[in-house]
Amino acid sequence: LPVPVISVGNLTWGGNGKTPMVEFIARWLDDSGISPLILTRGYAGGDEAKMLQSHLLGTSAKIGVGANRAATAACFLERYGYMNPHISDQKTRSHPELGKIGAAILDDGMQHLSLWRDVEIVMVNGMNPWGSQQLLPLGPLRELLSSLSRADVIVIHHADLVKISELIQHDEAPDQNIDSIESMLRRLKESLPVFLTRMAPSCFFNVEDTSCRLPLRIVYNMVVLCVSAIGFPNAFVQGIEKIGAMHVDRLDFSDHHLFQAKDMEMISTRLQKLQAKFGSKPIVILTEKDYHREPEILKHLHPFEVLILCSELQILSRKGHTEDSYKFLLRQLLEAKLRG
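Throughout what follows, the structure given in this document is the object of discussion.

Assigned secondary structure in the protein chain consists of 8 helices and 12 strands. Over its C-alpha trace the protein chain gives a radius of gyration of 20 Å, about what one expects of a compact globule, namely 20 Å for 340 residues. C-alpha atoms of the protein chain, sized along the principal axes, occupy 65 × 45 × 40 Å. Looking at the protein chain as a whole, 54% of its 340 residues are labelled buried. Partitioning the intrachain contacts of the protein chain with sequence separation of at least 6 by distance along the chain shows that 74% fall at a separation of at least 24. For the protein chain, the distance from the average position of its 36 positive side-chain charges to the average position of its 39 negative side-chain charges is 1 Å.

As structure tokens, then:
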């Protein structure tokens, strides 16, 4: 492409934080006066693209959906034009060429080798980094671990739910630890920069009134049913438990599952059982990704309250690696590519 391409991908299926990272980079580019084009395949109901459109409303970001991402990019570049990007340290909204595309973000791009990328960011699920270390279909790996050597940056996601000595957010962590993941990565590529991220819950909204934001404390001491159709629901459920719900039950569907009437009946049955067991009406909580896939069908769960958890990606500070140093590194990588 005639503009720099940043690929955000992963090595294993699901729960790696690709979409939140795509949004983070799009906001950073927009704040720097560069209009980003996000190229996404649009799996299933296009839930990720819909969520990105909702979150990036009011920015200069453009979202192109299609399996042939080179063709999609060509259409957008012809329509909007493109510019040679200048990445500013300061936030700016007044760039004279803001409408022209200055960079592309390739969502789920690691295995999309037909499109050249200038920066390769690989997301790793800290709670389950390599799975069984077997390739599909026997395991979750999409490529051999050695392919991580192609990465310019590694981001370990859900780091707050993993044991780590330097972080405060480490209570009730699983056996895997950040140091062992980093050690594995260093053996593959010693100079590889490694950053840590988490999904930080911010608020809820009710499916009956999406304009009203509700505080996280609304679920304190409540009976909750977590319903999700995402790649790694464990992180979602653990996040709700940490907020302070009295009891958390769960119903997990396959990633990108399109909810149907029979699913609503199954959820309602589980809610009725929870109400009989605890003597109080439980609430349903879903992720934003699940909501954007099919929002209207969730209203069929009335009279039970259905809340949607809103979260944002945060870069955690560790060993001098911070949000500012992450943005600085991306700027350096892009400028190096632009210089040739």
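Within the structure shown, the criterion is met by 16 salt bridges. Between Arg117 and Glu120 there is a salt bridge, with its nearest N and O atoms 2.9 Å apart. Note on Glu120: relative accessible area 4%, which makes it buried. Notably, a salt bridge pairs Glu182 with Arg186, separated by 3.7 Å at the nearest N-O pair.

The next thing to look at is helix H3 (residues 69–80). In this model H3 runs 16 Å from its N-terminal to its C-terminal C-alpha over 12 residues, within 8% of the 16 Å that 1.5 Å per residue would give. The complete set of buried residues in H3 reads Arg69, Thr72, Ala73, Phe76 and Leu77. Down the axis of H3, the buried side of the element spans an arc of 130°, and every buried residue falls inside it. Within H3, the exposed residues directed more than 90 degrees away from the buried face are Cys75, Glu78 and Arg79. Here the buried face of H3 lies against strand E2 (35–40), strand E3 (62–65) and strand E4 (101–107). Of the residues flanking the end of H3, it is Gly81, one or two places downstream, whose phi is positive at about 80°.

The two faces of a sheet get side chains in turn, since along a regular strand they alternate between them. Bridge count between strand E7 (residues 194–206) and strand E8 (residues 209–214): 3 bridges; the pairing is antiparallel. Paired with Asn206 across the strands is Asp209, a residue of E8.

Our focus in this paragraph is the side chain of Arg293. Topologically, Arg293 is positioned in helix H7 (residues 288–293). Reaching out from Arg293, the side chain makes a polar contact with the backbone oxygen of His257 at a distance of 3.0 Å.

Attention now goes to the packing of helix H1 (residues 18–31) against helix H8 (residues 323–338). Taken N-terminus to C-terminus, the directions of H1 and H8 make an angle of 75°; their axes are 12 Å apart at the nearest point. Judged by the inter-axis angle, H1 sits roughly perpendicular to H8. Between H1 and H8, the contacting residues are Met21, Phe24, Ile25, Trp28 and Leu29 on the first element and Glu323, Tyr326, Lys327, Leu330, Arg331 and Leu334 on the second. For the contact of H1 with H8, the residue count by class is 8 nonpolar, no polar and 3 charged.

In total, this model carries 0 disulfides according to the counting rule given. Here Cys310 is not disulfide-linked; the sulfur of Cys203 is the nearest cysteine sulfur, at 4.0 Å.

Turning to its location among the elements, Lys50 is positioned in helix H2 (residues 47–55). Judged by its relative accessible area of 35%, Lys50 falls in the partly exposed class. It is 7.7 Å that separates the C-alpha atoms of Lys50 and Arg293, two residues lying 243 residues apart in sequence.

Parameters and conventions
Residues numbered from 1 in each chain as written. Predicted model: local features only at pLDDT ≥ 70, side-chain atom pairs only at ≥ 80, totals over all residues. Heavy atoms only, no water. Helix = DSSP H or I, 4+ residues; strand = E, 2+ residues; numbered from the N terminus. Rg over C-alpha atoms; globule rule 2.2 N^0.38 Å. Buried < 20%, exposed > 50% of the residue type's maximum accessible area, 1.4 Å probe, protein only. Contact = heavy atoms within 4.5 Å. Lys, Arg positive; Asp, Glu negative; His and termini not counted. Charge placed at Lys NZ, Arg CZ, Asp CG, Glu CD. Salt bridge = Lys/Arg side-chain N within 4 Å of Asp/Glu carboxyl O. Expected span 1.5 Å × (residues − 1). Arc of directions from axis to C-beta. Pairing = 2+ DSSP bridges. Polar contact = N/O pair within 3.5 Å; in protein donor to acceptor, adjacent residues only side chain to side chain. Axes fitted to C-alpha atoms, helices over the stretch in contact; angles between N-to-C directions. Parallel < 35°, antiparallel > 145°, perpendicular 65-115°, else oblique. Nonpolar A, V, L, I, M, F, W, Y, C, P; charged D, E, K, R; others polar. Disulfide = S-S within 2.5 Å.

Purely geometric stuff here, so don't read any function into it on its own.
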